[in-house]
Amino acid sequence: MKKSRKLRRTAGFAQRVRAGDCLIGTIVGCASIEVIETLAGTGLDWLFIDGEHGAIGLSDLTPILQAAGTCPCLIRIPGQDTVWIQRVLDAGAAGIIAPRVDDAGQAAAIVAAAKYPPQGRRGVGLARAHGFGLRFRPYLDRANTDTLVVIQAESRAAVENIDSIVAVPGVDAIFIGPYDLSASLGCTGEVHSRVVKDAVDRIMRACRRAGKVVGYFSGDAAGAKRVLSRGATLPVIGTDSLLLIGAVRAVLDQFKAMRRP
Ligand code: 3PY
Ligand code: MG
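What counts and how
- Residues numbered from 1 in each chain as written.
- Chains lettered and ligands numbered in written order.
- Predicted model: local features only at pLDDT ≥ 70, side-chain atom pairs only at ≥ 80, totals over all residues.
- Heavy atoms only, no water.
- Helix = DSSP H or I, 4+ residues; strand = E, 2+ residues; numbered from the N terminus.
- Buried < 20%, exposed > 50% of the residue type's maximum accessible area, 1.4 Å probe, protein only.
- Contact = heavy atoms within 4.5 Å.
- Lys, Arg positive; Asp, Glu negative; His and termini not counted.
- Charge placed at Lys NZ, Arg CZ, Asp CG, Glu CD.
- Axes fitted to C-alpha atoms, helices over the stretch in contact; angles between N-to-C directions.
- Left-handed = near helix turned anticlockwise from the far one by under 90°.
- Nonpolar A, V, L, I, M, F, W, Y, C, P; charged D, E, K, R; others polar.
- Donors = N, O, S within 2.8 Å, 3.2 Å for Na, K, Ca; no water.
- Salt bridge = Lys/Arg side-chain N within 4 Å of Asp/Glu carboxyl O.
- Near = heavy atom within 4 Å.
- Polar contact = N/O pair within 3.5 Å; in protein donor to acceptor, adjacent residues only side chain to side chain.
- Expected span 1.5 Å × (residues − 1).
- Core = buried A, V, L, I, M, F, W, Y, C linked by side-chain atoms within 4.5 Å.
- Phe/Tyr/Trp six-rings, centres within 6.5 Å; stacked < 30°, edge-to-face > 60°.

1. Observations concerning the overall build of the chain
Each helix and strand in the chain was counted, giving 13 helices and eight strands. For the chain, the spread of C-alpha atoms along the principal axes amounts to about 70 × 45 × 30 Å. Put simply, the chain has 261 residues, and 47% of those count as buried. Restricting to contacts in the chain with at least 6 residues of sequence separation, those with at least 24 account for 61%. Side-chain charges of the chain comprise 33 positive and 24 negative groups, with the mean position of each set lying 6 Å from the other.

See below:
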């Protein structure tokens, strides 16, 4: 009973994302399997494993996914490297997050690398995702359906091209990166500025028209309120290090308050 509930948690993840269930994740930038195992058990719906900015390399993927267990992991690849796409999916990730996608051509190339023929050009190998051979056929049969392709819109060009990006078949969700977006729009780090909000709204309107899921990163829960009220369903709140810093500071503040006369 317990096992089948656990299995459903990963098996239905892509379908739940596409159906618009609100699923909360956090960014994991460290390759510590202890931290990942802990985060996976906290009740978060999924983990955003950061291969773009974090300290995570290709050889960390298998232990990370083993530590995450039944908690689905979407792995952000560095750039749009097709080798990473192949390796991440072969290692058994629930899907990929591709950063800095500026136009429909780049989005289409990412989808192609992530999907087996006839939908794409993903190479056929034998790896952890296929149970090293134990689940080869069942994995091939389900992979294109169960694998999520998330495209990051985080530049002026992406905003300008957003209607054609969301129209690319196989793109499941658009993940807005407000920090890179702010940099591209000339106000680095000012993620709550009018110009960034307007760009975010434009992306969200295009996603709504195309029926695409929207993800958004915020350093804290309050920062995601605006996009959640406008229909984002894939929020990512904080990072492993920000959560740790926040928890330690809260304890220190409590401690200082207790010691005050
Ligand atoms: C950004 O804000 O640029 C991001 O990519 C967050 O994930
Ligand atoms: Mg970014």
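2. So, the packing of helix α3 (residues 33-40) against helix α4 (residues 61-68)
At a minimum axis distance of 8 Å, the contact between α3 and α4 shows a crossing angle of 35°. When the axes of α3 and α4 are compared, the crossing they make is right-handed. Note on element contacts: α4 touches α3 through Pro63, Ile64, Ala67 and Ala68, opposite Ile33, Ile36, Glu37 and Ala40. Of the residues assigned to the contact of α3 with α4, the class counts are seven nonpolar, no polar and one charged.

3. Digging into the coordination of the magnesium ion (ligand 2)
Coordination of the magnesium ion (ligand 2) by the protein involves Glu154 (OE) and Asp180 (OD), with metal-donor separations of 2.1 Å. Here Glu154 is found in the loop between β5 (148-153) and α8 (156-160), whereas its partner Asp180 is found in helix α10 (residues 178-184), with 26 residues between them in sequence. The same class applies to Glu154 and to Asp180, which are both buried.

4. What about the pattern of salt bridges?
Taken as a whole and assessed by the stated rule, the structure comprises 13 salt bridges. Look at the salt bridges and you will find they share partners, linking Asp50, Glu52, Arg76, Arg100 and Asp180 into a network.

5. Here we look at the site of ligand 1
Every residue lining ligand 1 is accounted for by Ile27, Arg76, Gln152, Glu154, Phe175, Gly177, Pro178, Tyr179, Asp180 and Phe217. The contact in question runs from an oxygen atom of ligand 1 to an N or O atom on the side chain of Arg76, over 2.8 Å. A distance of 3.2 Å separates an oxygen atom of ligand 1 from a polar backbone atom of Pro178. Sorting elements by how many residues they give to the shell around ligand 1 places α10 first, with three residues. When its residues are assigned to classes, the shell around ligand 1 shows five nonpolar, two polar and three charged.

6. Here's the deal with the side chain of Thr233
Within the secondary structure, Thr233 is located in the loop between α12 (225-229) and β8 (234-239). The contacts of Thr233, once residues within four sequence positions are left out, are Gly20, Asp21, Cys22, Leu23, Val213 and Val214.

7. Section: helix α11 (residues 194-210)
Side chains that are three or four residues apart share a direction in an α-helix, a result of its 3.6 residues per turn. With 17 residues, α11 should reach 24 Å at 1.5 Å per residue; the first-to-last C-alpha distance of 24 Å fits that figure. Of the residues one or two after α11, Gly211 is the one with positive phi, at around 70°.

8. Here's the deal with the packing of α4 against helix α5 (residues 82-91)
Here α4 crosses α5 at 35°, and the two axes come no closer than 9 Å. Where α4 crosses over α5, the two elements pack in a sense that is right-handed. Taken together, the residues of α5 that come into contact with α4 (itself represented by Leu61, Thr62 and Leu65) are Trp84, Arg87, Val88 and Ala91. Looking at side-chain class alone, the contact of α4 with α5 contains five nonpolar, one polar and one charged residues.

9. Focus on the environment of Thr188
Mapping Thr188 onto the fold places it in the loop between α10 and α11. For the pair Thr188 and Pro178, spaced 10 residues apart in the sequence, the C-alpha separation amounts to 9.5 Å. Look past the residues within four positions of Thr188 in its chain and what remains in contact with it is Ser182 and Ala183.

10. Side note on the nonpolar core
Generally speaking, soluble globular proteins have nonpolar side chains that are buried together. Residues Leu47, Val88, Ile96, Ile151, Ile174, Leu181 and Ile203 are the most contacted members of the largest nonpolar core, which totals 58 residues. A per-element tally of this core places α11 first, with seven residues. Look past the residues within four positions of Ile203 in its chain and what remains in contact with it is Ala153, Val159, Ile162, Ile174, Ile176 and Leu181. Counting residues in each nonpolar core, the second largest holds 18 residues, with Trp46, Leu74, Phe217 and Val236 among its members.

11. Quick look at the packing of aromatic side chains
Within the structure shown, the criterion is met by five aromatic pairs. When the centroid spacing of 5.4 Å and the interplanar angle of 65° are considered together, the rings of Phe48 and Phe175 count as edge-to-face. Of this pair, Phe48 sits in strand β2 (residues 46-50) while Phe175 is found in strand β6 (residues 173-176), placing the two residues 127 residues apart along the sequence. Per residue, the accessibility class of Phe48 equals that of Phe175, and both read buried. Note on Tyr116 and Tyr139: the rings are 6.5 Å apart at their centroids and 90° apart in plane angle, and the pair reads as edge-to-face. Here Tyr139 lies in helix α7 (residues 136-146) and Tyr116 lies in the loop between α6 (104-114) and α7, a separation of 23 residues in the sequence. Judged by its relative accessible area of 15%, Tyr139 falls in the buried class. Here the aromatic residues Phe13, Trp46, Phe48 and Phe175 are joined through ring pairs into a cluster of three or more.

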